[in-house]
2 protein chains.
Amino acid sequence: MPQSNAPFHQHEYDRRIAKTRSAMQAAGIEVLFVTDPSNQAWLTGYDGWSFYVHQGVLLTMEGEPIWWGRHMDSLGAKRTCWLSEAAIHGYADNYVQSTERHPMQHLAQLILGLGMGTARIGVEMENYYYSAKAHEVLTRALPSAHVTDATALVNWQRLVKSDAEIDFIRKAARISEKVVQTAIEKAAPGVRKNDLVAEIFHAGITGVDDIWGDYPAIVPLTPSGVDATAAHLTWNGAEMRENEATFFELSGCYRRYHAPLCRTVYLGTPPKEMVEAEQAQLEGISAGLEAARAGNRTCDIANAFTDVLRKHGIHREGRCGYPIGLSYPPDWGERTASLRREDDTVLEPGMAFHFMPALWMDTWGLETTETILITETGPAEALCNVDRKLFVKR
Amino acid sequence: MPQSNAPFHQHEYDRRIAKTRSAMQAAGIEVLFVTDPSNQAWLTGYDGWSFYVHQGVLLTMEGEPIWWGRHMDSLGAKRTCWLSEAAIHGYADNYVQSTERHPMQHLAQLILGLGMGTARIGVEMENYYYSAKAHEVLTRALPSAHVTDATALVNWQRLVKSDAEIDFIRKAARISEKVVQTAIEKAAPGVRKNDLVAEIFHAGITGVDDIWGDYPAIVPLTPSGVDATAAHLTWNGAEMRENEATFFELSGCYRRYHAPLCRTVYLGTPPKEMVEAEQAQLEGISAGLEAARAGNRTCDIANAFTDVLRKHGIHREGRCGYPIGLSYPPDWGERTASLRREDDTVLEPGMAFHFMPALWMDTWGLETTETILITETGPAEALCNVDRKLFVKR
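Residues numbered from 1 in each chain as written. Chains lettered and ligands numbered in written order. Predicted model: local features only at pLDDT ≥ 70, side-chain atom pairs only at ≥ 80, totals over all residues. Heavy atoms only, no water.

- The name that an unreviewed UniProt entry assigns to chain A is M24 family metallopeptidase, with the source organism given as Roseobacter insulae.

**Comments concerning the confidence of the model for chain A**
- Looking at chain A as a whole, the pLDDT averages 96, with 99% of positions reaching at least 70.
- Interface confidence for the predicted complex, given as ipTM, is 0.97, next to a pTM of 0.97. (pLDDT = per-residue confidence, 0-100.)

**Notes on the environment of I184(A)**
Residue and element names in this part refer to chain A.
- Along the polypeptide, I184 turns up in helix α7 (residues 163-186).
- Sequence spacing of I184 and F391 is 207 residues, and the spatial spacing of their C-alpha atoms is 7.4 Å.
- With sequence-adjacent residues up to four places away left out, I184 is seen in contact with R263, V265, V386, F391 and K393. (Helix = DSSP H or I, 4+ residues; strand = E, 2+ residues; numbered from the N terminus. Contact = heavy atoms within 4.5 Å.)

**Description of the relation of the copies chain B and chain A**
- After a rotation of 180 degrees and a shift along the axis of 0.0 Å, chain B superposes on chain A with an RMSD of 0.0 Å. Considering both components of the superposition, the chain copies are consistent with a two-fold axis. The rotation axis passes nearest to the C-alpha of A132(B) in chain B, at a distance of 1.9 Å.
- Of all interface residues in chain B, 100% are interface residues in chain A too; the two copies therefore contact each other through one and the same surface. (Least-squares fit on C-alpha atoms with pLDDT ≥ 70 in both.)

**A few points about the interface of chain B and chain A**
- Across the boundary between the two partners, chain B contributes 76 residues, which contact 76 residues of chain A.
- Together, the buried faces of chain B and chain A total about 6300 Å²; carbon and sulfur atoms form 56% of this surface.
- Of all residues in chain B, W49(B), Y52(B) and H232(B) give up the largest surface area on contact with chain A, accounting jointly for 12% of the area buried on that side.
- One salt bridge in this structure joins K133(A) and D149(B), with 3.8 Å as the shortest N-O distance.
- Taken together, the connections running from chain B to chain A amount to 50 residue pairs in polar contact (both at pLDDT 80 or more).
- Mapped onto the side of chain B that touches chain A, the elements with two or more residues apiece are α3 (71-80), α5 (132-141) and α8 (193-206) of chain B.
- Its residues assigned to classes, the side of chain B that touches chain A shows 30 nonpolar, 23 polar and 23 charged. (Buried area = accessible area lost by both parts, 1.4 Å probe. Salt bridge = Lys/Arg side-chain N within 4 Å of Asp/Glu carboxyl O. Polar contact = N/O pair within 3.5 Å; in protein donor to acceptor, adjacent residues only side chain to side chain. Nonpolar A, V, L, I, M, F, W, Y, C, P; charged D, E, K, R; others polar.)

**Remarks on the UniProt feature "domain: Peptidase M24" (unreviewed entry) in chain A**
- Following the UniProt record, one finds the feature "domain: Peptidase M24" (unreviewed entry) at residues 168-376 of chain A.
- Span residues 168-376 of chain A is 32% helix and 18% strand, its end C-alpha atoms 19 Å apart. (UniProt positions renumbered as here; feature names shortened; annotations may be inferred.)

**Observations regarding the packing of α7(A) against helix α8 (residues 193-206) of chain A**
Residue and element names in this part refer to chain A.
- Viewed as axis vectors pointing N to C, α7 and α8 meet at an angle of 155 degrees, and their least axial separation amounts to 9 Å. Put simply, α7 runs roughly antiparallel to α8. For the pair α7 and α8, the crossing hand works out as right-handed. Here I175, K178, V179, T182, A183 and K186 of α7 come into contact with α8, specifically with L196, E199, I200, A203, G204 and T206. (Axes fitted to C-alpha atoms, helices over the stretch in contact; angles between N-to-C directions. Parallel < 35°, antiparallel > 145°, perpendicular 65-115°, else oblique. Left-handed = near helix turned anticlockwise from the far one by under 90°.)

**What to know about α3(B)**
- Of the residues making up α3(B), those classed as buried are M72(B), D73(B), S74(B), G76(B), A77(B) and T80(B).
- Structurally, α3(B) contributes buried residues whose contacts are with β11 (359-360) of chain A together with α2 (37-44), β3 (66-70) and β4 (88-91) of chain B. (Buried < 20%, exposed > 50% of the residue type's maximum accessible area, 1.4 Å probe, protein only.)

**Focus on the domain arrangement of chain A**
Residue and element names in this part refer to chain A.
- Domain assignment breaks chain A into domain 1 (10-157) and domain 2 (163-393).
- When each unit is reduced to the centre of its C-alpha atoms, the spacing between domain 1 and domain 2 is 33 Å.
- Between domain 1 and domain 2, the residue contacts involve 19 residues of the former and 15 residues of the latter.
- Both sides of the domain 1 and domain 2 interface together cover about 1300 Å² of buried area, and 56% of this is carbon and sulfur.
- Looking only at domain 1, the three residues that lose the most surface to domain 2 are S38, Y128 and W156, adding up to 35% of its buried area.
- On the surface where domain 1 and domain 2 come into contact, there are three salt bridges.
- The salt bridge partner of R335 is D36, with a shortest N-O separation of 2.8 Å.
- At the boundary of domain 1 with domain 2, the tally comes to nine residue pairs in polar contact (both at pLDDT 80 or more).
- Looking at the side of domain 1 that touches domain 2, the elements that each hand over two or more residues are α1 (10-27), α2 (37-44) and α6 (153-157). (Domains from an automatic or database assignment.)

**Quick look at the packing of aromatic side chains**
- Across all of its chains, the model carries 43 aromatic pairs over all chains by this definition.
- For the ring pair F51(A) and Y328(A), a centre distance of 5.7 Å and an interplane angle of 70 degrees mean the geometry is edge-to-face. Of the two residues, F51(A) is situated in the loop between α2 and β2 (56-59) and Y328(A) in the loop between β9 (321-323) and β10 (352-355); the sequence distance between them amounts to 277 residues. For the residue pair F51(A) and Y328(A), the accessibility class agrees, reading buried in each case.
- Here the basic side chain of R256(B) rests over the ring of Y215(B), its NZ or CZ set 3.8 Å away from the ring centre.
- Looking at R256(B), its charged tip hangs above the ring of Y328(B), at a distance of 4.6 Å from the centre. (Phe/Tyr/Trp six-rings, centres within 6.5 Å; stacked < 30°, edge-to-face > 60°. Lys NZ or Arg CZ within 6 Å of the ring centre and 35° of its normal.)

**Structural notes on the sheet that holds strand β6 (residues 146-149) of chain A**
Residues and elements named next belong to chain A.
- Reading across the sheet, the six strands line up as β4-β3-β2-β1-β5-β6 and stay open at both edges, with mixed pairing between neighbours. Strand pairing shows two members of the sheet lacking a second neighbour, β4 (88-91) and β6, which therefore form its edges. Across the sheet, the axes of successive neighbouring strands diverge by a mean angle of 25 degrees, strand direction being ignored.
- Judged from the four bridges that link them, strand β5 (residues 120-123) and β6 form a sheet pairing that is parallel. Pairing of G122 across the sheet is with T148, part of β6. (Pairing = 2+ DSSP bridges.)

**Quick word on the sheet that holds strand β6 (residues 146-149) of chain B**
Residues and elements named next belong to chain B.
- Ordered in space as β4-β3-β2-β1-β5-β6, the six strands form an open sheet in which the pairing is mixed. The sheet is open, and its two borders are formed by β4 and β6, each paired with just one other strand. Going across the sheet, the axis of each strand differs from the next one's by a mean of 25 degrees, ignoring polarity.
- By the bridge criterion, four bridges tie β3 to β4 in an arrangement that is parallel. Looking at β4, one finds that R70 is bridged to Y91.
- In the packing of α3 onto the sheet, contacts are made with β3 and β4, and the angle to β3 comes to roughly 140 degrees.

**Some remarks on the nonpolar core**
- Counting 214 residues, the largest nonpolar core has L32(A), L107(A), L138(A), F248(A), L32(B), L107(B) and F248(B) as the members making the most contacts within it.
- Non-local contacts of F248(B), meaning those with residues more than four positions away in its chain, are made with A183(B), A187(B), L196(B), I200(B), L221(B), T222(B), M240(B), L261(B), C262(B), R263(B) and V265(B). (Core = buried A, V, L, I, M, F, W, Y, C linked by side-chain atoms within 4.5 Å.)

Structure representation (C-alpha cells):
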C-alpha cells in the first residue's frame, strides 16, 4: 500500500469491505458499482468535488476496490484514496458531457476487461449520481451481464458506526454547537440574513481548535416568519425583523461526517401558541430519546414523539429523523432507515440519527432537533450540548 | 397571478416558456418533465434546497407550468415561484425514501389526471435528479405514454442570456472579485487552509453592498502543491507552506447566478517552468478572448488557446470552458456547449462562459480563468476585474 491520506486506518476500510462483500454475497451480486459519493468515500477514502461527472467504485469479491472516473479526478483519487495506483482508472476528457460518447461505455469496457461481462452487477438505481441515461448506456454495453438494483446496499452497511466514525461525528458535533451558538448570538432585528449566514459559515469552517471544518452536505437553512412554514428555504438579503421566529438547520462537518443540529430564535415575545408548541415539542423529544434504545425500533421513536404531540393537540405528518454520518451534497441523511411510523428497523448501539421533530405550522416554523447516538444501555445520547429550547431575544 | 417573490419579471418567465415550448414542438414533445433544479428555477423561480428528494416541473403546450414535489416543499414553492397555488402539487411524506412506494407513482397519477397518459413525454435522462429508478418507475406507471429523452432541452434555451440575467451575472462577478481578492490577500505561510476558506465564504456570502451573497453551486476548490495537480480537491486543516502554488477556484453567486473566477497564489519564488507556463497561459487566454466573438464557434476559442500552448511546448487535454449562469449544486456549468476542439456551437451575443484554461501539471497546478460574455461586436468581455496573472507573495 502506498502512503495513504485517507482519514481512517486500513483495518477500518478492511472491515467495511468485508461487511459489504457479505451483503453482496447475500444479494447474489458479484460486482458492485457504487456511485454514491458517500459510499465511494466510505470504501476507498476518495474525497473531491467531482461527483458532477460520472465516477464510481467497482467492488468485486476479491482484491482491492477499483476507483473509476474522469482522468483529471483520477489524480485526486491517487491523492485521497488508500488504493494502489493500479486500482485507479481514468477516462478521457472527451467523454465529459458529450453528446457523442458516454462515460458508461468506458466503464463497460473496464468491466469486460475484468472478465466480468456476464456477471451479476449491482448498481445504485436510486442515486443522484447514477442517471437514467447512465443505466441505459451501461446495460446496453453489457448485454450479457445481469444488471440488478443494489440501491442502498452499502448505505445499510454504514448504519452502525465504528468507534472511529463516532469519534468523527463527536468532532462534528463540537462544530455544530459552535455554528448554532453563533446563529443564536448574532440574530437580531436589522441584521441581514446573508450577513448572519456568513458568520455561520465562518464559524463552521474555522471549526474548533484542531477540528477543522469541512463543508456540510446541506447549506444553512435559515428561514424566518412565514418562510419558516416551508422546510428547505435557504436565505436572502432581507433584514431580520421583530416578532418573527427563524429556525437554523445547521451542521458542523468534520472530514465529511455530520452532526446536524437545529434551534429556533424568536425576536420579541413569542405568541402563546408557539410557546405551547415548544413545550409539546420538548416533551416529545424527551419521550423520543427515552424510546431510542437498543432493541427498540425506529418507529418507537417516532411514535413516542407523535403521541406526545397528539396529546397536546398537534397533528404532525412526515418522518422525524434519519441516520447521519458520512455524506456529500445534496443530502446529509444516509437514505436507509427513517424515524417514522412505518419503519421498523431495530436500533443497535452505534447507530446515529438526526432526530428531527420539527414543527412547520401554518404561519411559522419551530425546529429543535438533536443528533443522537444509540448506546449499549439506556436512552440515546444527544451528541450536541446546546440548551434545548426556543431561544427568545427581546 | 399572486404576489411573486420570483427574482425576475413575469415577461422574462413568459419569454423562457415560449422559447422552451418552441423547442418542445420541434422535438415533438407534448409534456416536458424537468428535474434539473436550475431548469425548474429558470422556468418558475422555484428556489429551495429540496432537490435531494424527487421534484420537478411539468410543462405542457398551454397554461401555467406545474410544480410538483414533496408536500413540505410545495409550501416553499408557494413562497418562491410565480405560479398560482393551483399549479403547485405536493406528495405525501411517506413517499420519501421509501422502499414501499416511489414519488414517480404519484407523478404518473398527476400526468394521467391531466389526460396526458398517452402523450409524448420528455424527461431529462442525464440529470443528477432523475435517477435510473425514477425513470423505471415512471415509464412502468405510464405504459401508454411515449417517454423520450429530452436531456438539456431547457439548458440549451438558457445558453443566450437576457439582459436581466446578464445583470445578475455582473452582480455575481462583483462578489467573485471580492472572494478572489480575499483569498489572495489572506494566503500566507502558516495560515490553515480551512481558516482561509472561512474568510472566502464570509466574503462571498456577505457580498458587495446590496448584492447579497447566495451559495455557489461548487464549494471553494483550494488545493496547494502536489494536490493542485488534481482538479477538484477542496481543503483541509493543514497550514499553507512556502514554495507552493495554491489555486483558488471560486465564484460569487447572486440569486443563483454565477461568475466563476480562478487565480493562483505562489508563496515564495516560483520555479522557472511555472513562470514560463504562466506566460503561455496568459498569452493563450488573450488569444482565446480574441477568438470569442459572435459568429465564431466554441472550438475556435479552445483552438486559439491550445495553439498558443503548443507553441510554448505545453500539451493540454480536456475542455477549457463551459457556459455558466443559473445553477444549483453539484455543478455551476450549464452542461450544453463546451469550449473544446470537437464542439462547434456558434457563438452569439449574450452567451456567457467560464473560460477555464487551467494547467494541471505533474507536480503543480495553475488556474487563471475568466467569466466571459460574448458581445455584439469585438472580442469577449471578461466580467471580473482582477489582475490576470500568477500572484507571487514572497
